[in-house]
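One-letter residues, chain by chain:
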Amino acid sequence: MNTVSLFAKHISVFNLDIDTKKILNTIKKEKYYTNHDYLGSEQSKNTEILNNPELFKLKKQILNCFYQYKSEIYKIANDFIIPSSWVAKFKPNTSGKSHAHSNCMFSAVYYLDKSSPIVFNNYQLNNLFCTPTEWNTNNCTYFEIEPKKNKLIIFPSDVFHEIKPNLTNKTRYSIACNFFPVGKVGDKDSFVELQMS
């Protein structure tokens, strides 16, 4: 039997090498608002957090990982920018409902410490569900990743994901960002030239 994995969604995990204490001290100084869309979590008012000079090293490492991801897995030649980046803050007993990111192509989340799992949901299954003899990435309805210190997860922005409840007595911080292509996007008579501002 010859089999091809068609239209796969790839989620990649990287381990960064950076001082999380300095990052935490920087993001704790930010102003936050309650994000009622995500079950009581808070989000930084600053939506360009990675442009903070104190986070330059982190941004550089995230971009290096992303360029490896988009080049090796998706074989994309375009350059990309990070148009938005923010801090997500989950106090004990708060969580984040299932959502996807819009107006971008890929997204990422960086963790400063071990915390509640991120769950990627598969809403593409048809209406008939048969219990598999063995679970794998072809038949699963969700995929869970346990966050750890200095872990970076990159994924296509249209993949739905949620944050399980924070069952610890500590506030959970993470930094999320989106990636957007620049240069020529499209082909033949259906293309646009996207510029960096």
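The coordinates are above.
Residues numbered from 1 in each chain as written. Predicted model: local features only at pLDDT ≥ 70, side-chain atom pairs only at ≥ 80, totals over all residues. Heavy atoms only, no water.

**Quick look at the packing of aromatic side chains**
- Under the counting rule described, the total for this entry stands at 12 aromatic pairs.
- Summarising the aromatic geometry, the rings of F66 and F179 are spaced 3.9 Å apart at their centres and angled 5 degrees between planes, so their arrangement reads as stacked. A residue pair is termed long-range when its members are at least 10 positions apart, and F66 in helix α2 (residues 56-72) and F179 in strand β11 (residues 172-187) qualify at 113 residues.
- Here F66 falls in the buried class, since its relative accessible area comes to 0%.
- Judged by its relative accessible area of 0%, F179 is buried.
- On the basis of an interplanar angle of 70 degrees and a centroid distance of 5.3 Å, the ring pair of Y123 and F160 is categorised as edge-to-face. Of this pair, Y123 sits in the loop between β7 (118-121) and β8 (142-145) while F160 sits in strand β10 (residues 160-163), and the two are 37 residues apart along the sequence.
- One aromatic cluster is present, formed by F66, Y67, Y69, Y74, F80, F106 and F179 through successive ring pairs.
- The cationic tip of K89 hangs over the ring face of Y32; the distance from NZ or CZ to the ring centre is 4.7 Å.
- Cation over ring: K184 sits above F191, and NZ or CZ is 4.6 Å from the ring centre. (Phe/Tyr/Trp six-rings, centres within 6.5 Å; stacked < 30°, edge-to-face > 60°. Helix = DSSP H or I, 4+ residues; strand = E, 2+ residues; numbered from the N terminus. Buried < 20%, exposed > 50% of the residue type's maximum accessible area, 1.4 Å probe, protein only. Lys NZ or Arg CZ within 6 Å of the ring centre and 35° of its normal.)

**Description of a nonpolar patch on the surface**
- Taken together, the side chains of V4, L6 and F7 present a nonpolar region at the surface, about 410 Å² in accessible area.
- Mapped onto the elements of the fold, F7 is located in the segment before β1 (12-15). (Patch = residues over 30% accessible without salt bridge, like charges linked within 9 Å, V, L, I, M, F, W, Y side chains within 5 Å. Areas by Shrake-Rupley, 256 points an atom, 1.4 Å probe, with all protein chains shown as cover. Salt bridge = Lys/Arg side-chain N within 4 Å of Asp/Glu carboxyl O.)

**Section: the sheet that holds β10**
- Strand order in the open sheet made by the four strands is β5-β10-β7-β8, with antiparallel pairing throughout. Every interior strand has two partners, whereas the edge strands, β5 (96-99) and β8, have only one. When the angles between neighbouring strand axes are averaged without regard to direction, this sheet yields 15 degrees.
- Where β7 and β8 come together, four bridges link them in antiparallel fashion. When the sheet's bridge partners are listed, F120 is paired in β8 with F143. (Pairing = 2+ DSSP bridges. Axes fitted to C-alpha atoms, helices over the stretch in contact; angles between N-to-C directions.)

**Examining unusual backbone geometry**
- Although it is not a glycine, F7 adopts a positive phi angle of roughly 55 degrees.
- With a relative accessible area of 73%, F7 lands in the exposed category.
- Phi at N93 takes a positive value of approximately 70 degrees, unusual for a residue other than glycine.
- When you line up the elements, N93 lands in the loop between β4 (79-90) and β5.

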